[in-house]
Protein chains: 4
Amino acid sequence: MALSVEKTSSGREYKVKDLSQADFGRLEIELAEVRWCSCNIFSTQDHAAAAIARDSAAVFAWKGETLEEYWWCTERCLDWGEAGGPDLIVDDGGDATLLIHEGVKAEEDYEKTGKIPDPESTDNAEFKIVLTIIRDGLKADPKKYRKMKERLVGVSEETTTGVKRLYQMQETGALLFPAINVNDSVTKSKFDNLYGCRHSLPDGLMRATDVMIAGKVAVVCGYGDVGKGCAAALKQAGARVIVTEIDPICALQALMEGLQVLPLEDVVSEADIFVTTTGNKDIIMVDHMRKMKNNAIVCNIGHFDNEIDMLGLETYPGVKRITIKPQTDRWVFPETNTGIIVLAEGRLMNLGCATGHPSFVMSCSFTNQVIAQLELWKEKSSGKYEKKVYVLPKHLDEKVAALHLGKLGAKLTKLTKSQADYISVPIEGPYKPAHYRY
Amino acid sequence: MALSVEKTSSGREYKVKDLSQADFGRLEIELAEVRWCSCNIFSTQDHAAAAIARDSAAVFAWKGETLEEYWWCTERCLDWGEAGGPDLIVDDGGDATLLIHEGVKAEEDYEKTGKIPDPESTDNAEFKIVLTIIRDGLKADPKKYRKMKERLVGVSEETTTGVKRLYQMQETGALLFPAINVNDSVTKSKFDNLYGCRHSLPDGLMRATDVMIAGKVAVVCGYGDVGKGCAAALKQAGARVIVTEIDPICALQALMEGLQVLPLEDVVSEADIFVTTTGNKDIIMVDHMRKMKNNAIVCNIGHFDNEIDMLGLETYPGVKRITIKPQTDRWVFPETNTGIIVLAEGRLMNLGCATGHPSFVMSCSFTNQVIAQLELWKEKSSGKYEKKVYVLPKHLDEKVAALHLGKLGAKLTKLTKSQADYISVPIEGPYKPAHYRY
Amino acid sequence: MALSVEKTSSGREYKVKDLSQADFGRLEIELAEVRWCSCNIFSTQDHAAAAIARDSAAVFAWKGETLEEYWWCTERCLDWGEAGGPDLIVDDGGDATLLIHEGVKAEEDYEKTGKIPDPESTDNAEFKIVLTIIRDGLKADPKKYRKMKERLVGVSEETTTGVKRLYQMQETGALLFPAINVNDSVTKSKFDNLYGCRHSLPDGLMRATDVMIAGKVAVVCGYGDVGKGCAAALKQAGARVIVTEIDPICALQALMEGLQVLPLEDVVSEADIFVTTTGNKDIIMVDHMRKMKNNAIVCNIGHFDNEIDMLGLETYPGVKRITIKPQTDRWVFPETNTGIIVLAEGRLMNLGCATGHPSFVMSCSFTNQVIAQLELWKEKSSGKYEKKVYVLPKHLDEKVAALHLGKLGAKLTKLTKSQADYISVPIEGPYKPAHYRY
Amino acid sequence: MALSVEKTSSGREYKVKDLSQADFGRLEIELAEVRWCSCNIFSTQDHAAAAIARDSAAVFAWKGETLEEYWWCTERCLDWGEAGGPDLIVDDGGDATLLIHEGVKAEEDYEKTGKIPDPESTDNAEFKIVLTIIRDGLKADPKKYRKMKERLVGVSEETTTGVKRLYQMQETGALLFPAINVNDSVTKSKFDNLYGCRHSLPDGLMRATDVMIAGKVAVVCGYGDVGKGCAAALKQAGARVIVTEIDPICALQALMEGLQVLPLEDVVSEADIFVTTTGNKDIIMVDHMRKMKNNAIVCNIGHFDNEIDMLGLETYPGVKRITIKPQTDRWVFPETNTGIIVLAEGRLMNLGCATGHPSFVMSCSFTNQVIAQLELWKEKSSGKYEKKVYVLPKHLDEKVAALHLGKLGAKLTKLTKSQADYISVPIEGPYKPAHYRY
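Rules used throughout
Residues numbered from 1 in each chain as written. Chains lettered and ligands numbered in written order. Predicted model: local features only at pLDDT ≥ 70, side-chain atom pairs only at ≥ 80, totals over all residues. Heavy atoms only, no water. Pairing = 2+ DSSP bridges. Helix = DSSP H or I, 4+ residues; strand = E, 2+ residues; numbered from the N terminus. Domains from an automatic or database assignment. Contact = heavy atoms within 4.5 Å. Buried area = accessible area lost by both parts, 1.4 Å probe. Disulfide = S-S within 2.5 Å. Buried < 20%, exposed > 50% of the residue type's maximum accessible area, 1.4 Å probe, protein only. Expected span 1.5 Å × (residues − 1). Least-squares fit on C-alpha atoms with pLDDT ≥ 70 in both.

Asks: Just to check I follow, could you spell out the sheet that holds strand E1 (residues 6-7) of chain B for this structure?
Replies: Hydrogen bonds between backbone groups are what pair the strands of a sheet, and the pairing can be parallel or antiparallel. All names here are of chain B. Taken together, four strands build an open sheet; the order of strands is E1-E2-E4-E3 and the sheet is mixed. Edge positions in the sheet fall to E1 and strand E3 (35-37), since each has one partner strand and no second. Note that E1 and strand E2 (residues 13-15) share two bridges and pair antiparallel. The partner of Lys7 across the bridge, within E2, is Glu13.

Here's what the structure looks like:
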């Protein structure tokens, strides 16, 4: 693959869909020179990317990248030429962080053993690509990722998936720099996952299929924050919602909201809409899909496209794929000549079929990122942050919330000194113990 | 204006956006030769129109017609050449019916007095166009609309606005042919207005603005069926909803759902989203709009674009219109340099910004239309229907509902003979008295 | 049965539970001399009855009357001694109206044929009692009910059941005096049935059983206004609600709210709570009850106790009744030794187990009654009202609503003249056509 | 005060309202010899207490104890005669734990300094009583509480208030024995606080006042779990809900559900129902109450009666208290002659006016208590638990939930080995990290 980097008239590098869209979508962003790439092959809004490319920053992203293009963009984004690499990473999904860690590992391995990474050593199609990029980079500069690591002050990461990887690396001692987990700020996790998906699931369903949700039977696989938001949206829109869960506590929560809790097997041929929200894999398999009603809608808003068995579907003998419109495919099984509608090729349907979360939710998330980045930079020489994963302190989480109240016309009550003493909290907060669940 | 009619390879006339879209949007419609036009300048889905044009019927409609084009299409639709005109009209808004009635009036007036219609005799921009079309037609064939009337068996009409006109004409004796009011079937009025708008209001808001509804203050002007659907959708999505009402009964219903009832004046500077649903005019005036918060969203899902004072807005001294994207305009007032977002130019936002009602709702409405048309045709010579407005008998309304239950997996309970006698209804229905409100 | 009428110190007749409760429950009622009885053996609040008896009016009512006592009270209530009977009846269920009609029929029959009513001629236990009372009255005064009828200006009736009887009598020409149907005022039917039951169903369930509604499966038999209120309350409290319906339109409405629609047979062994709301008979039979889960709750909020097969239950061989507390019985079946909980002996559970509708709802209903009574009295000599059933005119219905808005802090919007003309209604209302469904 | 302990025929000590109620309320409890007292002066259900007293255990509790009686009961409960005291305490509010800690402190102080506790040393009326009891006990046995402490294996505590005290004692090193915090189990905190109050708030309101919640304006002070449950119940019942909050995160959560967030001052004269849920003091002061609408309802479901300024109310010059029925008082202010309705004298209204939480919720809480007690007993000699506060391990929390799923008909999904590995959890759980918020 040979993608060419383009340049703006001012010499800034970019690779976006269509630079002429820059006016349409111009966001008033004033930034130091930063470099952007996408966190997902479908999640770029091309006009926004164009505006950034023209006016603000190096950006490598367009909607509908191939996986090769996606990782090429990620690598471009980390390549700061002479500068060696970024000072800080704002990560979303952990792919930039992953690339650096894998790169360092490969370089060290190569230095020790002379072995270069072998893309054929893995069955995972995406990891093959990662190894290819690292291998090709290794030839050009066998210290590239280690120089990057040296310069890097830290990363702040905002997804469940990315955070899980960070904790795994912390546990094995593999983490190469400090990380702030902003995913688990209340103003991130509840807002992005719960309220965000409550908004964007029906948005994606309606844009992709125009389906009337009222009266339909919907199965929500998983009842974590994402599942809670999805189930609430579907119930409120008039669907009958059935939840699948492995965790008895979440299952009991679903029941308390009047939702039925059953295994997928029990309801697969009865439901009209299936949504995966688990963050796990192999949730809806092709054998489930074969048993579904004609035109049942299958989509994923949880995490990777492996929540839905896309491979099983694509390789099912005799299956036919009819693209109704981009991101909306009907897959017809040969035995029954009936078909199911799969959204966004099994990837995140709110990104693929709608525009992701609304800006209010993203503002909560990004305010957490900004505060985390400021904190990392401020403490870069103090030694406060080791090569570990940290959550944002609660008073900063409360600050993010407070910054968003005015827009919604809310006014807080103030504690008196006597009341603050009575419940043993500072007047100005934080107001809750660390284990508080909201 | 000189629009040309185009022809398919099979010689069928049409005027649509892009015939090449016919494959994308092919609906499996098998129809006798019929002619279609749009009921609204924004409501055509071009790919569906293309499919019909290529495969099925004469169609004159595209999204984004001018008013001139719109009435040209309506006139084309009624022009059956030698045939003289249609046997039956399926009307939606009553414009085809209006054109015939105005045409007949003008022809009779002309025959009696030699006077031709004068577009300058009215201030109403749209009625000017109607008179122009009639005037031009009069020159070509001074009996055109009367021949049409003679042939016409009747009309079935599905909107509140269209039905109101029919009753007015019935009252003054001006109605020229039988009319069946399918708007007031329960399976039309509750489904199209209540459930349809509950679906399509948030759909339109999200597609046009990506606004997070949760946390916002929304004002719904009017709490009829449309208003009830809108208020329910907004409340469920997490907005705080305020209703304006003139009718104390509807106001009390709003209160029983936890909604605040206040005049627009009291809340105009506090709300984020304004929706008109009244079927009346002059609901949100430019003086209201000037007092709104920056980026307040103003839209109409009720009826004509005169619910919102678009004229007052357009002619406000110094106002600037910035088109964010088609159907989504920001209007900036010079005094404050703040602006409001107006959707679909004040016309029906669910048509202009989204795709209208979902097919399940439309199926309920259209099943009513089909049943009405069958009834009109069956009784065309029996004298059963005079030049009056009729509602569909309740057992047909129940039949429409019954036809839609299976799709949703519902199973009805059957009355025993003894139970049917006890409540004095036939076992097979109808089950409710005429005045029953559902 | 020999019940004695008691007298207050001022000589006013009464029969209530405990006159000493008059202070507790004193309602500031200033009334002309009227006579009260209960409309249901369980629905009297004894302290309120005592207050009325002591201070205001003749009253014959206490909670927990036997059926004999109930009809004795009804007869007492109509017995105005020398005065011959009441001028007007405010009826609730139609029993006073029934008694007069049956009385007149029996007197006329007796006069013609000498035949006296025979309680043994009917299998219906309650009708036996009615015939006994009429028979005994006939001996004392063979013109009693006809004198009553002569004096009577009319009746206003507020229940579905009572109104249905009135229409049946109108149809057969048996109606003896004018009747105003206030049951079908919107401010009665929607408020009393829908909002009232939405309040009082969970109230009754909680007082009788303390059951956690969240997480339970509830079956609501019938989805009219009462069923809609019950289903909404149960759904909102976190139950999973299944509806049974005979009417496809109501069934489709249930589906649009996310409720499942199935016959009772399909869900009888799965649900925790069963509520009948149909106004019909034989809804839950003993054969259903035998198949229910242990401690399933069965109750009726629809109309008579024959919605539930109480006779079948009581006479089931070997069944055991364990009274947990008044109005809450556990019935244990011998085969399984499992039992079900029946509330209020199958009668209206919101009256039997809670305190009926809240005063706000009753105020809406009673305002309709008062307006109807004023109308009947005003027109008593005008001949405006024949021996037929009338609904209240819509502007009076709107007036009832308007009278209740202030209490809830609502402010109406006023139509301009130009708006009123545009939609062809008077500025001051009524605002809706007769067929409008709200 | 000289209350006498009574004895059953088998010699078991008790003090309950009425032993003859034992049959009515007999719970099938088979217990080792334990001693019970109430955790609140209003929360005893007398028939349940009677059943326990007659059949099972020593019990000292009745509904409507004075504060003196309440602490007498607590002290009786801890007095095991020769045995010296209990092995384990199941605490609910921490009063038994408090008494022991205060007793030990006083005994040690007395031993060192000869000083006896002086009830006059405190302004707090309730603490005066505690000191009196300890003082009187000190004379009889100056080692009583220390012997108790020696025997005691530990306490499990289930309230927010009690747990806060425990953590404060842990912090100062004052904690005398191990404590398990079951309040912060998810199956306790979410269920007891959120779902429990969602059930019991409307229950208490309806039983105490029969108020129609629909259409009313309700203020919920505090939006923690209790406030969330209350606000949800009120909103679902049709109230318009306004929340007061000090914590910006909780405030933002309220906004996301469509609730208004304002200080009490802004809405005090507009609302119909006020509910305190804060766990803090001085929330609704007499100056607020004076400004409320006539017959506004004021109640507390949060914690102690000091959330509402009962003292300010009781001592307000010229105020009149009219008891409508037990636990429902109308307080009339002299200036306006208008009054407010205060429930349960400012104490927990769901205990005072209704029957507290439903058994399903209590079963979740008690299962946590039982599991905690078993754990404490099992580990009594192992040294696993120091004089600290512990939360239950997550797998036990999940076990509590799992034990309650079957009753509600739920079926869990099982992880495959490969899925469990993918998300790095054991197949059998626990499934979530410690910081997970549910």
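Moving on from the coordinates now.
Asks: Would you mind showing me how to read the domain arrangement of chain A here?
Replies: Residues and elements named next belong to chain A. Taken domain by domain, chain A comprises domain 1 (1-79), domain 2 (82-184 + 358-392) and domain 3 (195-353). With centres defined by C-alpha atoms, the gap from domain 1 to domain 3 works out at 31 Å. In this complex, domain 1 contributes six residues to the contact, which on the side of domain 3 involves seven residues. In total, domain 1 and domain 3 occlude about 550 Å² of area from one another, counting both sides; carbon and sulfur atoms represent 60% of this.

Asks: I'm lost on the state of the cysteines in this one. Help?
Replies: Structurally, a disulfide amounts to a covalent bond that connects the sulfur atoms of two cysteines. All names here are of chain A. According to the stated counting rule, one finds zero disulfides over all chains in the structure shown. We note that Cys230 lacks a disulfide partner, and the nearest cysteine sulfur, in Cys197, lies 5.0 Å from it. For Cys230, a relative accessible area of 0% translates into the label buried.

Asks: What should I look at first to understand helix H15 (residues 394-405) of chain D in this one?
Replies: The α-helix winds at 3.6 residues per turn, so residues separated by three or four positions along the chain end up facing the same way. End to end, H15(D) covers 17 Å across twelve residues, agreeing with the expected 16 Å (1.5 Å per residue, within 8%). Listed as buried for H15(D) are Lys394(D), Leu396(D), Asp397(D), Glu398(D), Val400(D), Ala401(D), His404(D) and Leu405(D).

Asks: Is there a simple way to explain the relation of the copies chain D and chain A in this structure?
Replies: Copy one and copy two of the chain differ by a rotation about an axis and a translation along that axis. With an RMSD of 0.1 Å, chain D superimposes on chain A once it is rotated by 180° and translated 0.0 Å along the axis. Expressed as a symmetry operation, the mapping of one chain copy onto the other fits a two-fold axis. Across chain D, the smallest distance between a C-alpha and the rotation axis is recorded for Arg437(D), namely 2.2 Å. Of the interface residues in chain D, 100% have counterparts in chain A that sit at the interface too, so the contact is made through matching surfaces.

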